[in-house]
Amino acid sequence: MMDWTDRRCRAFHRLMSRRARLYTEMVTADAVVFGPRERLIGFDAAEHPVALQLGGSDPRRLTEAASIGADFGYDEINLNCGCPSDRVQSGRFGACLMREPALVGECVAAIAAAVDVPVTVKCRIGVDAQEPGEALTAFAASVKAAGAAALVVHARKAWLEGLSPKDNRTVPPLDYPLVHALKRAHARWPIVINGGIADLDEARTHLEHVDGVMMGRAAYQNPEILLDVDSSLFGEAAPFDDPFEALEAFMPVIARGLARGDRLHDWTRHCLGLFAGRPGARNFRRILATEGVRADAGLDVLRRAVACVGRVVEPAAARPPRGARELLRQHEGA
Ligand SMILES: Cc1cc2nc3c(=O)[nH]c(=O)nc-3n(C[C@H](O)[C@H](O)[C@H](O)COP(=O)(O)O)c2cc1C
């Protein structure tokens, strides 16, 4: 997720689940080929398994970018056909590619021929006036034939004219049954569902119909969800007993970042949603959002913020962390 799932965020999320697959922000193929590569797609070995998401529609340029990504060690190359922003449309990639399944197929085939890691696609169920059943069926058939290893479907249309990217994540209605039906039509091809999935109970329900669940906002805004992924969905021990332990384990990682010149906020902005529902969570966020943004803020600020948080979970923990959402809204430009 652009501006959210940078490598610092992924390092944090990886601490919370050994098994969840993490995705980079979308990076355009041009940026990977011509831009500051290490800054754009560099990642830490601890992040595995991690997928590089590319944006583009030129098979040759995508192939170059994907090869670079594979050389960096990414476990998967994912092609974005779901992002609805104007900038993306003018570059002819993202959700507008739902109208060009043959071109997307060409891109997938070219990338798949060039890299050894799985190539996957993330799409919508259609754009604008497209009939979702037809659009998704044709799109899926094309990318599957081209060699896509899996399809991730954000189960709502994108309206390319008239809706902001943010509204395009809430306004068009979700159509989960359509994605479940797509899976029934492709029994041996992995289909991953995405969009509006709020917790692991919902995820488990979807897993009765599809092969995987992708969680975006819920996982970012309430990262404690990730602490239960390994035990709930993979039958393995959770990496930590609680978010306090996870954050403690994150501190040396942050310290290394600070020693390299990062600011504390570069790291802790991804932690604001932690501790949702616990007494003191609001103070935790307030300290990080005020003192934590200062240029000279160090781990002592984070420790002080954590010290405000009580260990007892209030029943409201199940609700999304409202205060965190307000603080996070400033990052919602993507
Ligand atoms: C801030 C933000 C940035 C996003 N950036 C990307 C992106 O780079 N690539 C992508 O495929 N989806 C992106 N998305 C969309 C999410 O991946 C996801 O499809 C969408 O939010 C619906 O899933 P959710 O309800 O679980 O969040 C972004 C969403 C948000 C909120």
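Bear in mind the structure is a predicted one, so any value in this text is a computation, not a measurement.

With that out of the way, let us pick up helix α16 (residues 299-307). Side chains of residues three or four places apart in an α-helix project in the same direction, reflecting 3.6 residues per turn. Taken together, the buried positions of α16 are occupied by Leu299, Val301, Leu302, Ala305 and Val306. The buried residues of α16 all sit within an arc of 155° when viewed along its axis, so they share a single face. Buried residues belonging to α16 abut α13 (243-259), α14 (264-268) and α15 (281-290).

So, on to the pattern of salt bridges. All told, the structure shown has 19 salt bridges when counted by the stated rule. Across the pair arginine 269 and aspartate 3 runs a salt bridge whose closest N-O atoms are separated by 3.7 Å. With arginine 269 in the loop between α14 and α15 and aspartate 3 in the segment before α1 (7-16), this residue pair connects regions lying 266 residues apart in the sequence. A relative accessible area of 32% means that aspartate 3 is categorised as partly exposed. Two residues, aspartate 300 and arginine 304, come together in a salt bridge whose shortest N-O distance is 3.8 Å. Of this pair, aspartate 300 and arginine 304 are both found in helix α16, four residues apart, which corresponds to roughly one turn of the helix. You can call arginine 304 partly exposed: its relative accessible area is 40%.

As a further point, take the packing of aromatic side chains. Working definition: an aromatic ring pair is given by the centre-to-centre distance plus the angle between the planes. One pass over the structure, following the stated rule, counts six aromatic pairs. Aromatic pair tryptophan 4 and tyrosine 220: ring centres 4.3 Å apart, planes at 15°, arrangement stacked. Here tryptophan 4, found in the segment before α1, pairs with tyrosine 220, found in helix α10 (residues 217-221); they are 216 residues apart in sequence, far enough to count as distant. Taking relative accessible area as the criterion, tryptophan 4 reaches 4% and is therefore assigned buried. Members of the aromatic cluster, each reached through a chain of ring pairs, are Phe12, Phe250 and Trp267. Sitting above the plane of the phenylalanine 244 ring, arginine 311 keeps its charged end 3.8 Å from the centroid.

Here we come to the nonpolar core. With 94 residues, the main nonpolar core has Leu151, Leu247 and Phe284 as its most contacted residues. With six residues, the single largest contributor to this core is α13. The contacts of leucine 247, once residues within four sequence positions are left out, are Phe12, Cys271, Leu274, Phe275, Phe284, Leu302 and Val306. One finds Tyr23, Ala51, Val152 and Met214 within the second-largest nonpolar core, a separate group that totals five residues.

To continue, consider the side chain of aspartate 6. Positionally, aspartate 6 belongs in the segment before α1. You can call aspartate 6 buried: its relative accessible area is 11%. In terms of polar contacts, aspartate 6 uses its side chain to reach the side chain of arginine 269, at 3.3 Å. Apart from the residues within four sequence positions on either side, aspartate 6 is in contact with Glu25, Arg269 and His270.

The amide bond that connects histidine 48 to the next residue, proline 49, takes the cis arrangement and shows omega of -5°. Relative to the elements of secondary structure, proline 49 occurs in the loop between α3 (37-41) and β2 (50-55). Positive phi, close to 45°, is recorded for aspartate 128, a residue that is not glycine. The topology assignment puts aspartate 128 in the loop between β4 (119-123) and α7 (132-145). Of note in the backbone geometry, phenylalanine 275 takes a positive phi value of approximately 75° without being a glycine. Summarising the element assignment, phenylalanine 275 is placed in the loop between α14 and α15.

A few words now on the site of the ligand. The local shell around the ligand holds 16 residues, among which Gln53, Lys122, Asn194, Gly196 and Arg217 are the closest. Glutamine 53 places a polar side-chain atom, nitrogen or oxygen, 2.7 Å from a nitrogen atom of the ligand. Asparagine 194 is positioned with one of its side-chain polar atoms (N or O) 2.6 Å from an oxygen atom of the ligand. For the ligand, whose free accessible area comes to 610 Å², the fraction covered by protein is 94%. Here the residues of the shell around the ligand are counted per class, giving six nonpolar, seven polar and three charged.

Let us look at the sheet that holds β2. Adjacent strands of a sheet pair through backbone hydrogen bonds, lying either parallel or antiparallel. Read across the open sheet, the seven strands follow the order β1-β2-β3-β4-β5-β6-β7; overall the sheet is parallel. Taken across any chain shown, the strands that pair with only one partner, and hence form the sheet edges, are β1 (22-28) and β7 (212-214). On average, each strand axis in the sheet is inclined to that of its neighbour by 25°, with strand direction left out of account. In this sheet, β2 lies alongside β1 in parallel orientation, the contact comprising five bridges. Paired with tyrosine 23 across the strands is alanine 51, a residue of β2.

Calculation criteria
Residues numbered from 1 in each chain as written. Predicted model: local features only at pLDDT ≥ 70, side-chain atom pairs only at ≥ 80, totals over all residues. Heavy atoms only, no water. Buried < 20%, exposed > 50% of the residue type's maximum accessible area, 1.4 Å probe, protein only. Helix = DSSP H or I, 4+ residues; strand = E, 2+ residues; numbered from the N terminus. Arc of directions from axis to C-beta. Contact = heavy atoms within 4.5 Å. Salt bridge = Lys/Arg side-chain N within 4 Å of Asp/Glu carboxyl O. Phe/Tyr/Trp six-rings, centres within 6.5 Å; stacked < 30°, edge-to-face > 60°. Lys NZ or Arg CZ within 6 Å of the ring centre and 35° of its normal. Core = buried A, V, L, I, M, F, W, Y, C linked by side-chain atoms within 4.5 Å. Polar contact = N/O pair within 3.5 Å; in protein donor to acceptor, adjacent residues only side chain to side chain. Near = heavy atom within 4 Å. Areas by Shrake-Rupley, 256 points an atom, 1.4 Å probe, with all protein chains shown as cover. Nonpolar A, V, L, I, M, F, W, Y, C, P; charged D, E, K, R; others polar. Pairing = 2+ DSSP bridges. Axes fitted to C-alpha atoms, helices over the stretch in contact; angles between N-to-C directions.

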